[in-house]
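Chain by chain, the residues:
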Amino acid sequence: MRTIKKILVQQTFLLTHKPSEPKDRIVSLHKPYVRPIVRGKENKPVEFGMNVHMLQVDGLSFIDKMSFRNFNECKRLKTCVVKHKKVFKGTSQLGADRIYATNENRRYCTGNSIFTCFPKKGPKKYSKAEKILSSEISKQRATVMEGIFGTHKDHYGLRKIKVRGEKREMLMVPFATMAANAVKIAKKRNREEPAPREKAA
């Protein structure tokens, strides 16, 4: 009833104001904590649900930030690099979408000797070796990273989270991510372990 009363107040407010004016506008009666996230995609200009920002290292996913509210993902690049350094003792290469290729992020990566797949700006061009490395990083980002996100959604229940409640949904994502990481680590160890030798009778 509290949610219904709040919706009534917001809808009444909209009669004399612009749709963008009311803050924390409720868009779902069953999930009042959900906010519209403008993505600008052709098929889905607006999405509803949780916004999760992850960094990946060697196929393993680490959650950087989760929120039902929209946030600027490109602002998280520096934070992700710092987190990576704390765990893995530094980084020299970084792959990310073009939205991360801001001037601020470019300066930060150059200042920390991090090679990225961002397209070059200005007259200076990549050398032959840099072109190959940039192409490989872009390829890994487009196939491995995006593939892992698809795996999380299709095989670990993150495409359509069935639990109810904001706190339960927030718990579902880390548990699914940890399960996916555990399976990947187990498979990698099985490949690396030598086959047991047969004992002579």
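Described below are features of the structure shown in this document. Bear in mind the structure is a predicted one, so any value in this text is a computation, not a measurement.

Analysis parameters
The numbers attached to residues start from 1 for each chain and follow its sequence in the written order. Side-chain atom pairs in this predicted model are given and counted only at pLDDT of 80 or more, local residue features only at pLDDT of at least 70, and totals for whole chains, interfaces and linings cover all residues. Calculated side-chain values reflect all of the structure's heavy atoms, with hydrogen atoms and water omitted. Only DSSP runs of H or I reaching four residues or more are called helices, and only runs of E reaching two or more are called strands; each is numbered from the N terminus. Both definitions apply: the radius of gyration is a C-alpha atom measure, and the globule rule equals 2.2 Å times residues to the power 0.38. Remark: exposure states derive from per-residue accessible area (1.4 Å probe, protein chains only) relative to the maximum for the residue type, with buried under 20%, exposed over 50%, and partly exposed in between. Here, two residues are considered to be in contact whenever any of their heavy atoms come within 4.5 Å of each other. Here, Shrake-Rupley sampling with a 1.4 Å probe gives the accessible areas, and only protein chains in the shown set may cover a residue. Positive charges come from Lys and Arg alone, negative charges from Asp and Glu alone, with His and the N- and C-terminal ends not counted. By convention, the point assigned to a charge is CZ for Arg, NZ for Lys, CD for Glu and CG for Asp.

In this section: the overall build of the protein chain. Scanning the protein chain from N- to C-terminus turns up 5 helices and 6 strands. Taken from the N to the C terminus, the helices and strands of the protein chain come in the order α-β-β-β-β-α-β-α-β-α-α. Compactness check: the protein chain gives a C-alpha radius of gyration of 22 Å against a globular reference of 17 Å for 201 residues, more than 25% above the reference. Here the protein chain holds 201 residues, and 28% of them are scored as buried. Considering only contacts in the protein chain between residues 6 or more positions apart, those separated by 24 or more positions represent 40%. Taken as a whole, the protein chain presents about 14,800 Å² of accessible surface, with 55% of it coming from carbon and sulfur. If you average the places of the 45 positive and of the 18 negative side-chain charges in the protein chain, the two averages end up 4 Å apart.

By the secondary structure assignment, Ala101 is in the loop between strand S5 (93-94) and helix H3 (103-111). Note: C-alpha distance between Ala101 and Thr12 (89 residues apart in sequence) is 42 Å. With near-sequence residues (within four places) excluded, Ala101 lies in contact with Arg106 and Phe118.

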